[in-house]
Amino acid sequence: MTNMKIPLRLLSFILFLQSGMAFCPSKCTCDGDKNLRASCIGAGLEVVPIQLNPDVKSINLAMNLITSVHYTLSFYTRLEALDLSQNRIESLGGKNFEYQNDLRELDLSRNLVSTLGKDAFRGLKRLRALNLSDNFIEGIHSGAMVDLISLVELDLTNNRIISFEDTTFRSLGALEVLILENNQLLEVPTSNLVYCHQLRRLDLTRNFVESVRNESFMGLRHLTDLELDENVIKDVDVDAFSGLVALTWLDFADNNLTVMPTVQLSKLSNLTNLSLSGNSFSYLPAVALLNLFNLRELHLDRLERLTRIDSRALVDNTHLQRITLDANQAFYDLPPRLFHGNPNLMDVSMRGNGLKTLDAVQFPLDQLRRLQLADNPLECNCSLLWLWRLVNEEEEEVGAGDATRSGSLTLDSEAIGCDIVEDSVKVRHRLIDMSEGDIQCPARLVTIVCAVLTVLLVTMAGVSVVLYLQFARRRKRIVEERKNVNERIVPQQIDKMELERYLQAQALTSEYRTLRPWEIPIKEADREEPDHYEKFDYFDHRRMPPPKAAPAPHVVYV
């Protein structure tokens, strides 16, 4: 049957050349004279039409029923753009694009292609964009892309690729965009990326990559956009990003990181956009984003285990302009000065967290342009008066038609609310619907407490002053008394000669006598009278032996 079709097509082409007229199939639009374009979108075609103008430069055959491209494209040697998306093509065969030397764009997305064999793109040496997304590709022959030396963009999104042969990309030295989203890759295709020296964007979203090694992105010095979100990455080597000197955008969301990769990210000094949402770390330490001085936008959403952020976590990010901290339900306490080290911050989103209280000092309100705080379990108390005033000021501006004035702060006022306990049940109220009196702020009690404290302070101050004055007077009196005593006991001038004469006179007039000895003599036994107390006067001192000479007394002159 196929052999019968070829002569018929050739005959049709010959008849076309002889007539000198182009034939446009039904349901197609042909602009053969001016732009040399043909569009047959949704025309129900089962094969590529061969009766179009052979000089046509662009053919759009999207949303048809075409199953093959065998022997049908050789008539159009000047094609620059070919769209075969949303057809039923199962195989591209080999050398079916051999004569399309001028082709720049080829779209084969949303077909049924399962493999790319050898010479699948033979002849496409000027091709710059190739779209193979939404197919069923499982394997790519190492020689399938040999002729794609000018390819700049390759899209392989939504296929079933597990791995590549080591030399599959060896001819893709000009490749700048590589999209491998939603495949089944188990690791970063490092062995093929080494050939893509000009790569600027790499998308590995929704694969099964478990780790990022030191050599994963080796040599990609021009890479500016790296998307690694929705993988299962739990390990990142210390120097995994050390070679990415030009990287400005990194999406690391929805992975399995349990610790903030501070050291790894610190190598990306030119990074401006970073997303770490959907990971599993519970704490943002001080200087969590070290050396990221050029960071402009930061996303920290859906961190289910995040409970604490150090108040110095963002001190290095002085150029930060926008931050989102949404849907962190375990995050209850916002540090008071978390954003005060970011003088360029203009947009803060903190929706759907577990915040119960908020204070005005926690936000740099003088520089913010947008603040979103909806869906937090805020409690209606005095701490929300500042927020209630902001909401009502914005409502007044909206009512006056002045909400878009330059420099005004925009809030999600319609969704900001707080909880009031009514009959043991928390009832949600929107701040925009509440009056200042509805905010549960016990002003009377506060006033009484303040008055009592003021009286106590004044009383304590008065008592302190009285005690101090008494102490000062007592001290002064003691000092004066000591001074008077010292004045009274100052020794007078004494004449030395007078003193010597006095001492000599005292020595001459003093009489000394020997003291009576104190020893008690032993009386004889025959003279002993019982029951009689003898007195010292009965002793006859003449019968006693002469006493020993007593030592002269020691006289002290005063």
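See the structure shown above.
The structure contained in this document is the topic of the report that follows. (Residues numbered from 1 in each chain as written. Predicted model: local features only at pLDDT ≥ 70, side-chain atom pairs only at ≥ 80, totals over all residues. Heavy atoms only, no water.)

Thoughts on the overall build of the protein
Okay, step 1: The number of helices and strands found in the protein is six helices and 25 strands.
Okay, step 2: Evaluated residue by residue, the protein yields a buried proportion of 39% over its 558 residues.
Okay, step 3: Residue pairs in contact within the protein that sit at least 24 positions apart in sequence constitute 53% of those at least 6 positions apart.
Okay, step 4: Accessible area of the protein: about 33,200 Å², with a carbon and sulfur share of 53%. (Helix = DSSP H or I, 4+ residues; strand = E, 2+ residues; numbered from the N terminus. Buried < 20%, exposed > 50% of the residue type's maximum accessible area, 1.4 Å probe, protein only. Contact = heavy atoms within 4.5 Å. Areas by Shrake-Rupley, 256 points an atom, 1.4 Å probe, with all protein chains shown as cover.)

Here we look at the side chain of Asn183
Okay, step 1: For Asn183, the location among the structural elements is in the loop between strand S10 (177-179) and helix H2 (190-193).
Okay, step 2: Looking at Asn183, the relative accessible area reads 2%, which means it is buried.
Okay, step 3: Here the side chain of Asn183 touches Leu156 through a polar contact of 3.0 Å, landing on its backbone oxygen.
Okay, step 4: Not counting residues up to four positions away in its chain, the partners in contact with Asn183 are Leu156, Thr157, Asn158, Asn159, Arg160, Ile161, Arg206, Asn207 and Phe208. (Polar contact = N/O pair within 3.5 Å; in protein donor to acceptor, adjacent residues only side chain to side chain.)

Describing the state of the cysteines
Okay, step 1: Throughout the structure, instances matching the rule amount to three disulfides.
Okay, step 2: Note on cysteine connectivity: Cys28 is disulfide-linked to Cys40, with sulfurs 2.1 Å apart. Linking Cys28 and Cys40, the disulfide has an S-S dihedral of approximately 120° and is accordingly described as right-handed. Residue Cys28 is found in the loop between helix H1 (2-19) and strand S1 (29-31), and its partner Cys40 is found in the loop between strand S2 (37-39) and strand S3 (58-60); the two are separated by 12 residues along the sequence.
Okay, step 3: Cys28 sits in the buried class, given a relative accessible area of 14%.
Okay, step 4: The exposure class of Cys40 is buried, given its relative accessible area of 0%.
Okay, step 5: Cys380 shares a disulfide with Cys418; S-S distance 1.8 Å. Residues Cys380 and Cys418 share a disulfide whose torsion about the S-S bond is about 95°; that sign makes it right-handed. (Disulfide = S-S within 2.5 Å.)

Some points on the packing of aromatic side chains
Okay, step 1: Summed over all chains, the structure comprises seven aromatic pairs.
Okay, step 2: Between Phe217 and Phe241 the ring centres are 6.4 Å apart and the planes differ by 15°, which places this aromatic pair in the stacked class. Here Phe217, found in the loop between strand S12 (211-212) and strand S13 (225-227), pairs with Phe241, found in the loop between strand S14 (235-236) and strand S15 (249-251); they are 24 residues apart in sequence, far enough to count as distant.
Okay, step 3: Residue classification places Phe217 among the buried positions, given a relative accessible area of 2%.
Okay, step 4: With a relative accessible area of 1%, Phe241 lands in the buried category.
Okay, step 5: Judged by centre distance (6.0 Å) and plane angle (40°), the ring pair of Phe363 and Trp386 falls under tilted. Here Phe363, found in the loop between strand S21 (347-349) and strand S22 (370-372), pairs with Trp386, found in helix H4 (residues 385-399); they are 23 residues apart in sequence, far enough to count as distant.
Okay, step 6: The exposure class assigned to Trp386 is buried, which follows from its relative accessible area of 13%. (Phe/Tyr/Trp six-rings, centres within 6.5 Å; stacked < 30°, edge-to-face > 60°.)

Concerning the nonpolar core
Okay, step 1: One finds Phe121, Phe241, Leu250, Phe339 and Phe363 to be the most contacted residues of the largest nonpolar core, which totals 124 residues.
Okay, step 2: Only H4 and strand S24 (417-422) provide two or more residues apiece to this core. (Core = buried A, V, L, I, M, F, W, Y, C linked by side-chain atoms within 4.5 Å.)

Considerations on unusual backbone geometry
Okay, step 1: The phi torsion at Leu36 lies on the positive side, around 55°, for a residue other than glycine.
Okay, step 2: Residue placement: Leu36 occurs in the loop between S1 and S2.
Okay, step 3: Phi angles above zero are rare outside glycine, and Asn291 is one such case at about 70°.
Okay, step 4: With respect to the helices and strands, Asn291 occurs in the loop between strand S17 (283-284) and strand S18 (297-299).

Re the pairing of strand S25 (residues 425-430)
Okay, step 1: As paired elements, S24 and S25 share six bridges and run antiparallel to each other. Among the inter-strand pairings, Asp419 is bridged to a residue of S25, identified as Arg428.
Okay, step 2: In this structure, the hairpin formed by S24 and S25 is closed by a connection of two residues, where Asp423 is found at a positive phi of approximately 55°. (Pairing = 2+ DSSP bridges.)

Some words on the side chain of Asn111
Okay, step 1: Relative to the assigned elements, Asn111 resides in the loop between strand S5 (105-107) and strand S6 (115-116).
Okay, step 2: Polar contacts involving the side chain of Asn111 include one to the main-chain carbonyl oxygen of Ser109, which spans 3.1 Å.
Okay, step 3: In contact with Asn111, not counting residues within four places along its chain, are Leu84, Ser85, Gln86, Asn87, Arg88, Ile89, Asp134, Asn135 and Phe136.

Here's the deal with the pattern of salt bridges
Okay, step 1: Inspection of the entire model under this criterion finds 21 salt bridges.
Okay, step 2: Linking Arg122 and Asp147 is a salt bridge whose minimum nitrogen-to-oxygen distance equals 3.6 Å. In this pair, Arg122 sits in the loop between S6 and strand S7 (129-131) while Asp147 sits in the loop between strand S8 (139-140) and strand S9 (153-155), placing the two residues 25 residues apart along the sequence.
Okay, step 3: Of the residues examined, Arg122 reaches a relative accessible area of 30% and is grouped as partly exposed.
Okay, step 4: As a salt-bridge pair, Arg201 and Asp203 come within 3.5 Å of each other at their nearest N and O atoms.
Okay, step 5: You can call Arg201 partly exposed: its relative accessible area is 28%.
Okay, step 6: Each of Glu297, Arg322, Asp347 and Arg370 takes part in one network of salt bridges that share partners. (Salt bridge = Lys/Arg side-chain N within 4 Å of Asp/Glu carboxyl O.)

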